[in-house]
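The primary structure of each chain is shown beneath.
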Amino acid sequence: MTKKTSEGPGRVAGIAWLILTSLADGEKHGYALTQDVVEFAGVRIAPGSLYEAFARLEGQGLIEPVASADRKRPYRLTAMGARALDEYLSVQERLAIEGRRRLGASRRFA
Amino acid sequence: MSTEHSDVNSATTKRAQGYLRWYPSAWRERYGEEFVAHLEIELAERPVSFARTSDIVAHGLFARFSFQRGLRIALSTAAASVVVIVAIVATISSSHYWAPVTISSGYDGGISGVGQFSTPSQVNDVSVNFTTRSRVAIRITSVKVIPLRGFLAPQLVGVEFAPHFSELANDHGWPIRLPKGTTAQEQGRTPMIQAIGTTVTLARSDALWLGLRAPLLHRAYAVEEVRVTYERRGVSHTMVISQATTPDVICSSLSLSAKTPTWCSQDIAAASAIATFSSNRRTTTERPTDEALMVAQFAESEVQASGHGTPTLVDVRHWAAQFFAVNSSDAIRSVTGTFNLGVPEWRFVIRGGSNNSSVVLCTDRGVVDSGGGMIGVGIENCPSQ
């Protein structure tokens, strides 16, 4: 079971984890991030959804913009964002292990 | 890794900037530049995408509601009217008497926005501005307010004509009264003319003021277009003043509190969504897919905005019925489905072409986060059983 924490990204949760994961290996601007997400998750995040998520994550202190002379402003993970992502991934790992274990057990008795 | 386009042309930039108009000024100030830069690349890659357009419109509207809370409070307490006119298409058939009439811009007496409150008995004053190429005399015979699909038509209680709309600033509600000291009064011109049945001479810029009521409580009224029928030299014509993708919505409410009720916010967003859908040209083959996509995406956006996670079948059916009622030519006849392992699997049966056939389409699996919140939805042919 997952438990929501005060650091959770809220109603754009699904997109938020993709964004945080993408930023985990370094700063990216919006378009580069969407291309990255397509490559590792097979999901294309539409621009409206992306910037709504940016606004929310920035407001929650999970990401922050990086100063840039370019119009395409990059974003990076904050320490709080990295911690939130780490916690989330830990839960997912436990869930995956437990799910696979139970799935294997049920197949033996099928 | 990414394919970036450094040669984005100015037309693409203008399109990208056009999308920005859906967002509030505070949002534009913060994210506008990078958002446009992002869109320029997307538009260069995929010039047309209904899914992208509807995504931007939906999120722009919700950003507007959250960024402009203060403005909304001021507007709702004023309990005034609404209206914006974006474009006019002058349909003047086979007549050499007329130059085309075009709308220059929307204007509503200083109050802008897409949603307003009104009590059922209140008459809202709404101006429809337009410009003409030449001065011509017309006799307006009727004005009809056409409702947006799925909405009620406001009740039209009066129409007045004013030349030189730029000189008008109505502060008094209905009926329209010209403020003292305006140029029109100083010059001795008749400021306002009862429009129906009167011959008026168009100036370069004119205004029709409409008195509109929203008589049924807790219902939303939305205008798709205003049709003005007029005669010139005995020949009758109709000009259509379209609301395009920014329909005006009046929410009928006795409570003029500062907070916009959820039902009104939803109807305002729904009005913009259906107007955007209607403004897109599409083939008969594309139409059912776009219908299902719009309903699914809108249900998703609504539920996300209210923080409830994932839309239910009830939500989807509600918006399907509002947008594409069962008695319409493009009806969504049914929506069925369930959540399978947290993933919505909705099946739409949509009226097809002229032979009354049905098209069956399904949502794709999208992506769902661990809390059950859906983050993306698409439409595809249903998998074979």
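All values derive from a computational prediction rather than experimental measurement. (Residues numbered from 1 in each chain as written. Chains lettered and ligands numbered in written order. Predicted model: local features only at pLDDT ≥ 70, side-chain atom pairs only at ≥ 80, totals over all residues.)

**Q** Explanation requested: the overall build of chain A in the structure shown.
**A** Each helix and strand counted, chain A has 4 helices and 2 strands in total. In sequence order, chain A lays out its α and β elements as α-α-α-β-β-α. (Helix = DSSP H or I, 4+ residues; strand = E, 2+ residues; numbered from the N terminus.)

**Q** Before we go on, may I ask you to explain the pairing of strand β10 (residues 220-232) of chain B in this structure?
**A** A regular strand places its side chains on the two faces of the sheet in alternate fashion. Residues and elements named next belong to chain B. Where strand β5 (residues 137-147) and β10 come together, 8 bridges link them in antiparallel fashion. Within the sheet, the bridge partner assigned to I146 lies in β10 and is E225. As defined by bridge partners, β10 adjoins strand β12 (residues 248-252) across 4 bridges and the pair is classed as antiparallel. Bridged to A222 within β12 is V249. (Pairing = 2+ DSSP bridges.)

**Q** Mind showing me how you'd approach the confidence of the model for chain B here?
**A** Low-confidence regions, as indicated by low pLDDT, have predicted coordinates that should not be scrutinised in detail. Residue and element names in this part refer to chain B. Of all residues in chain B, 65% have pLDDT values of 70 or greater, and the mean over the chain is 71. Predicted confidence in chain B is weakest over strand β1 (residues 87-89), with a mean pLDDT of 34, and strongest over helix α2 (residues 25-45), with 89. pLDDT under 50 marks residues 1-6. Its contacts with residues more than four places away, or in other chains, come to 9 contacts. Contacts of residues 184-191 to residues separated by more than four positions or lying in other chains number 10 contacts, the stretch itself having pLDDT below 50. Here the prediction assigns the complex a pTM of 0.52, and the interface score ipTM is 0.80. (pLDDT = per-residue confidence, 0-100. Contact = placed C-beta atoms within 7 Å.)

**Q** Quick question: what am I supposed to make of the nonpolar core here?
**A** The tendency in soluble globular proteins is for nonpolar side chains to be buried side by side. The biggest cluster of nonpolar side chains holds 102 residues, and the ones touching the most others in it are A:I19, A:L20, B:L208, B:A271, B:A273, B:V295 and B:A296. If you tally residues by element for this core, the top one is helix α6 (residues 262-279) of chain B, at 9 residues. Apart from residues lying up to four places away in sequence, B:A296 is in contact with B:V316, B:W346, B:T363, B:V377 and B:I379. (Core = buried A, V, L, I, M, F, W, Y, C linked by C-beta atoms within 7 Å. Buried ≥ 20, exposed ≤ 12 C-beta atoms within 10 Å, placed from the backbone.)

**Q** Explain the pairing of β12(B) to me, please; I cannot follow it from the model alone.
**A** Where burial is concerned, most of β12(B) is hidden: 5 out of the 5 residues are buried. Side-chain alternation along β12(B) places B:D248, B:I250 and B:S252 on one buried face and B:V249 and B:C251 on a second face that is also buried.

**Q** Is there a simple way to think about the environment of B:A195 in this case?
**A** Residue and element names in this part refer to chain B. Considering the arrangement of structural elements, one finds A195 in the loop between β7 (193-194) and β8 (199-201). In this structure A195 comes out as buried when scored by C-beta crowding, with 22 C-beta atoms within 10 Å. Separated by 33 residues in the primary sequence, A195 and A162 have C-alpha atoms spaced 8.8 Å apart. In this view, A195 contacts I140, V159, E160, F161 and L208; residues no more than four positions away in its chain are not counted.

**Q** What am I meant to see in the packing of helix α1 (residues 10-20) of chain B against α2(B) here?
**A** The packing of two helices is summarised by the inter-axis angle and the distance between the axes. Residues and elements named next belong to chain B. Running from N to C, α1 and α2 point in directions that differ by 135°, and their axes come no closer than 8 Å. Overall, the two elements α1 and α2 adopt an arrangement that is oblique. Remark: the crossing between α1 and α2 carries right-handed chirality. Seen from α1, the contacting residues are T12, T13, R15, A16, Q17, Y19 and L20; seen from α2, they are R28, G32, F35, V36, L39, E40, L43 and A44. Here the contact of α1 with α2 is composed, by residue class, of 8 nonpolar, 4 polar and 3 charged. (Axes fitted to C-alpha atoms, helices over the stretch in contact; angles between N-to-C directions. Parallel < 35°, antiparallel > 145°, perpendicular 65-115°, else oblique. Left-handed = near helix turned anticlockwise from the far one by under 90°. Nonpolar A, V, L, I, M, F, W, Y, C, P; charged D, E, K, R; others polar.)

**Q** Please clarify how the packing of helix α3 (residues 47-59) of chain A against α2(B) should be interpreted in this entry.
**A** Here α3(A) crosses α2(B) at 150°, and the two axes come no closer than 11 Å. One way to sum up the angle between α3(A) and α2(B) is to call them roughly antiparallel. When you trace α3(A) past α2(B), the crossing you get is right-handed. The residues of α2(B) that touch α3(A), namely those facing A:P47, A:Y51 and A:A55, are B:Y31, B:F35, B:H38, B:L39 and B:E42.

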